[in-house]
Amino acid sequence: MKKILRWMYGLLGLGICAAVAVLLFNMGLIGGFSASLPEIEYVQGLPVGEEIPCGKKTSDEFELIAQDGEVSLYFRAEDANFCVETASGERWYAFPPEGADDWARGVFKTEMVSSLIINYIDLENKENVKKNSQAASVKKDTFTVRKIENGFRTDYYFKDGDVTIPVEVFLKDGCLEVRILTGEIVEAQKERYILSSVRLLPYFGCAAESDEGYVFVPDGQGALMHVNNGKGNMQEYRAAVYGENASATRMFSAADAYAASLPVFGVKRNDAAFLAVITAGENAAYINAMPAFRDTSYTNVWAEYKLRYTDSYMLDASSNLGQTITLYQDEAIEAAACQQRYYFLEGETADYNGMADCYRSYLLAECGVTEQPADDTVLFVDFAAAVTRKESLLGVPVNRVRQLSSLTDIQTMYEGLCAEVTGGIRLRIGEWSKDAVKDKLDTRFQWAAGNSWTGWNELQSAVTAQGDTVSLTVDPVSYRKGGSGIIPIRDSAMSLSGSPAFQYEFKFGTRMRNEEERGYLLHPALLETYAAKAMAALDQQDVQSLSPLTLPDTRYGSYSKNRAYPGQTQQAAEAVLAMLAEEYSLVLERPNAFALPYADFVTDVPGDFSRYDVLDETVPFLQMVYSGLTGYAGETVNLSADPDSAVLHAIATGEALHYELITGDAELLIDTDLNTLFSARPELWLPHMKEAAAQVAQAREATENTRLTHFEWLSVGVSVSTFENGAVICVNDTNEAIAWQGESIPAGTWLAGKEDAE
């Protein structure tokens, strides 16, 4: 009996020791890694000159303060308002010069004449407080303005919150630059007040009730909110640049919405327009658009910068007494600066087409993106190679890896397509390696479920012999299980609560997260180390093209030991992409803007927008940006609600057609992670693929595969696209025939013409 008791006490002691070890491990006190990311390098302000007298008793006139070419900057000392005047005499004001309108009520009267609207957290009273620069600083005469090169600097002091925020406004290369110098923000009582977010120029260039035009936001492929659209009773548009922080705790998914993959927004107002590019702090930015007659009579768009991360934590989540608490990050401000550059457009360029061309030029000049030869891809075909599914073995549930697609069958299908399709065909193989199929980070790169490197070499040889490309997916970021040297509790990104930043899937019906399946994100400081290790293993094989998943389109940080902010994660991701691009051509799926310099091809380009109530229509802004910079394919045709419309959209935008298939038994997809491939049997889709590819090839013949330069909606479902060679394509995605350029276009078809045709 004593032996049994000693044995039980021993087990209990081991259990306690293990629990303590896990706790210390989770806290990073033992067993952690030493890797870290470079510290944030805050942007330095320009040298300041003499002070400009400001306040109630100073001039109420706008006075010239700087010029750059044909662009002039004016400043009004009375209320710190400013405006930019372009060559045509058009003026863009920081906020309406006549002051608050009669429609606005309460705090909105001062918010609409403010350059800043801040939120800070009162830790003592546990509340979030909002203040605007007009009421809390300008009217109280607690701001100073000093000259800087080609502009001015304003330091706004908010007595409530005891914080000073410096803002620089200056002209450069014919543009307006505005930035918050986050490294010089002074929080005098940080033990009580911490700055959480700032709206920068929320009413810059806003459109009045008498104006015509729209606001552009980078939602999906691109979206417009018309001025005075009668939707003042609806919620404003709001989207995180590069997506929500994936380290945040989410109990449910509110909606299936597109992330803002480009850090841009714009306004068309009558015959003029501007495009704003967020050039620093984009990882902390949210883009917001407000319809007229919601808070004021103006239509406006702006960026808000979340300077400190907040998270929620559920106490006793399994109980009816569960309680949610809010956690605040009280360390350094995340963004190196919050900076916006305004490009001013006039005449024929003053619309979303001109904005797309402007941003495309910005990418070429400032971001390391280069123009590429025309890509002739008409088909981009994904194949899922294997899947893990639960099966019964002698009545016992087990996980088995089953083959979905054979490399031999893929090669046979590819050769059959080549015989009938004019134009390039790209293939991508996913869910192919043993580790990936088992939800591990892949470091061994062994084929699963009967496929092999021999079959891969034969497939790649057949594809490259035709001048085409086949890629393998790799995911150096997300995983569900440890292994290959990865220990999730040590090596994953951490949430603000100190636990791993769990990644959940959300149920379609309830939007609640699936508690049974959760994954992890690799700590940002380990991204480059892991990628180098993985590349060393992959170098042993003949692979020419990769498609890195998660890395190009996920924004996240880590908020425990070895802290990393999303901007630092982006830098680490760029380093990995640059490393991969040196050896492989890269196919990127829905990449954020920072990843574009490394893309040889882009897939899953959105073909729609999120359809928020406040937005009015969609335009192919992304496609006009990508065109000529990289090849691109749209969303999956065979998983679309209307495949024929998806084909017409590809013709209108110059996209390649995207299909996702398997060559094996579709019943193997049931009750697996890939059950969304509900329509992936090739025998059903091959005829459609061939016919659709023939249409795309015919359109490419007319456009000579030149870039998309202009897009216009003639009416709902009827669009006209103009290409660089002068070809024009009219698409009729309606149920009735239409007349165009003297021709009849039947329903559901398209016609090519010339730009100068009457």
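Cut-off values and rules
Residues numbered from 1 in each chain as written. Predicted model: local features only at pLDDT ≥ 70, side-chain atom pairs only at ≥ 80, totals over all residues. Heavy atoms only, no water. Helix = DSSP H or I, 4+ residues; strand = E, 2+ residues; numbered from the N terminus. Expected span 1.5 Å × (residues − 1). Buried < 20%, exposed > 50% of the residue type's maximum accessible area, 1.4 Å probe, protein only. Arc of directions from axis to C-beta. Contact = heavy atoms within 4.5 Å. Pairing = 2+ DSSP bridges. Axes fitted to C-alpha atoms, helices over the stretch in contact; angles between N-to-C directions. Core = buried A, V, L, I, M, F, W, Y, C linked by side-chain atoms within 4.5 Å. 1 Å grid on protein atoms, 1.4 Å probe; cavity = no way out; pocket = protein on both sides within 12 Å on 5 of 7 lines; lining within 4 Å. Points joined across faces, edges and corners; volume = space filled by probe spheres on them. Nonpolar A, V, L, I, M, F, W, Y, C, P; charged D, E, K, R; others polar. Parallel < 35°, antiparallel > 145°, perpendicular 65-115°, else oblique. Phe/Tyr/Trp six-rings, centres within 6.5 Å; stacked < 30°, edge-to-face > 60°.

1. Let's talk about helix 9 (residues 527-538)
Every α-helix carries 3.6 residues per turn, so stepping three or four residues along brings you back to the same face.
Alright, step 1. Relative to the 16 Å expected for 12 residues at 1.5 Å per residue, helix 9 spans 16 Å between its end C-alpha atoms, a close match to the ideal helical length.
Alright, step 2. Among the residues making up helix 9, those that are buried are L527, Y530, A531, A534, M535, A537 and L538. Seen end-on, helix 9 carries its buried residues on one side only, within an arc spanning 155°.
Alright, step 3. Turning to helix 9, the residues buried within the fold contact helix 7 (453-465), strand 32 (545-548) and helix 10 (566-581).

2. Thoughts on the sheet that holds strand 39 (residues 718-723)
The strands making up a sheet are joined through hydrogen bonds of the backbone, oriented either antiparallel or parallel.
Alright, step 1. The sheet built from 4 strands is open, its strands ordered 38-39-40-43 with antiparallel pairing. Of all strands in the sheet, those with a lone pairing partner are strand 38 (708-715) and strand 43 (749-754), marking the two edges. Neighbour-to-neighbour, the strand axes of this sheet turn through a mean angle of 20°, independent of strand direction.
Alright, step 2. Of the strand pairs in this sheet, strand 39 and strand 40 (residues 727-732) are connected by 5 bridges, and their pairing is antiparallel. Along strand 40, the bridge assignment pairs T722 with V728.

3. Overview of the nonpolar core
Alright, step 1. Ranked by size, the top nonpolar core spans 192 residues in total, and within it F82, I165, L176, Y359, L379, L427 and I429 carry the most contacts.
Alright, step 2. When near neighbours in sequence (up to four residues on either side) are disregarded, I165 contacts L116, I118, T154, D155, Y156, F158, I180, I185, L195 and V198.
Alright, step 3. Listed in part, the 9 residues of the second largest apolar core include A384, L404, I662 and L668.

4. Details of the environment of T182
Alright, step 1. Position of T182 among the secondary structure elements: in the loop between strand 11 (175-180) and strand 12 (186-187).
Alright, step 2. On the accessibility criterion, T182 (4% relative accessible area) is buried.
Alright, step 3. Here the alpha-carbon distance between T182 and I333, two residues 151 residues apart in the chain, equals 7.0 Å.
Alright, step 4. Not counting residues up to four positions away in its chain, the partners in contact with T182 are Y42, L307, I333, A335, A336, A337 and C338.

5. Comments concerning the layout of surface pockets
Alright, step 1. Quantified by volume, the second largest pocket comes out at close to 690 Å³.
Alright, step 2. If you go around the second largest pocket, you meet 33 residues; those closest to its centre are A280, G281, E282, Q570 and Q571.
Alright, step 3. Among the secondary structure elements, those contributing two or more residues to the lining of the second largest pocket are strand 18 (272-280), helix 4 (352-366) and helix 10.
Alright, step 4. The dominant element in the lining of the second largest pocket, judged by the number of residues it contributes, is helix 10, at 6 residues.
Alright, step 5. Class assignment of the residues belonging to the lining of the second largest pocket gives a composition of 21 nonpolar, 7 polar and 5 charged.

6. Topic: the environment of I65
Alright, step 1. Looking at where I65 falls in the secondary structure, it is placed in strand 2 (residues 63-68).
Alright, step 2. When the C-alpha atoms of I65 and E127 are compared, they prove to be 40 Å apart, with 62 residues separating the residues in sequence.
Alright, step 3. Once residues within four sequence positions are removed from consideration, I65 is found in contact with I52, L73, Y74, F75, G151 and F152.

7. Remarks on the packing of helix 5 (residues 407-420) against helix 7
Alright, step 1. Packing of helix 5 against helix 7 brings their axes to within 9 Å, and their N-to-C directions diverge by 10°. Our classification of the angle between helix 5 and helix 7 gives roughly parallel. Contacts between helix 5 and helix 7 involve L407, I410, Q411, Y414 and E415 from the former and G455, W456, E458, L459, A462 and V463 from the latter.
Alright, step 2. When its residues are assigned to classes, the contact of helix 5 with helix 7 shows 7 nonpolar, 2 polar and 2 charged.

8. Here's the deal with empty space enclosed by the protein
Alright, step 1. Throughout the structure, instances matching the rule amount to 5 cavities of 30 Å³ or more.
Alright, step 2. When its volume is computed, the second largest cavity comes out at roughly 90 Å³.
Alright, step 3. Along its surface, the second largest cavity is lined by 15 residues, and L551, T554, R555, T569 and F594 are the ones closest to its centre.
Alright, step 4. In terms of residues, the lining of the second largest cavity owes the most to one element, helix 10, which gives 4 residues.

9. Here's the deal with the sheet that holds strand 34 (residues 601-605)
Alright, step 1. Read around the barrel, 8 strands follow the order 24-27-28-32-33-34-36-37 and close on themselves; strand pairing throughout is parallel. Averaged over all adjacent pairs, the angle separating strand axes in this sheet is 25°, with direction ignored.
Alright, step 2. Where strand 28 (residues 469-474) lies against strand 32, 3 bridges are found, and the strand directions are parallel. Across the sheet, residue T473 finds its bridge partner in strand 32, namely S547.

10. Focus on the packing of aromatic side chains
Alright, step 1. For the coordinates displayed, the defined rule picks out 33 aromatic pairs.
Alright, step 2. Their ring planes at 80° and their centres at 5.4 Å tell us that Y237 and Y612 sit as a pair that is edge-to-face. Of this pair, Y237 sits in strand 16 (residues 237-240) while Y612 sits in the loop between strand 34 and strand 35 (617-618), and the two are 375 residues apart along the sequence.
Alright, step 3. Taking the relative accessible area as the measure of exposure, Y237 reaches 1% and is therefore buried.
Alright, step 4. The class of Y612 is partly exposed, set by a relative accessible area of 31%.
Alright, step 5. For the pair F380 and F601, a centre-to-centre distance of 5.5 Å together with 10° between the ring planes defines the contact as stacked. Placement of F380 in strand 24 (residues 377-384) and of F601 in strand 34 is noted, with a sequence separation of 221 residues between them.
Alright, step 6. Judged by its relative accessible area of 1%, F380 falls in the buried class.

All we've got here are geometric facts, nothing functional implied.
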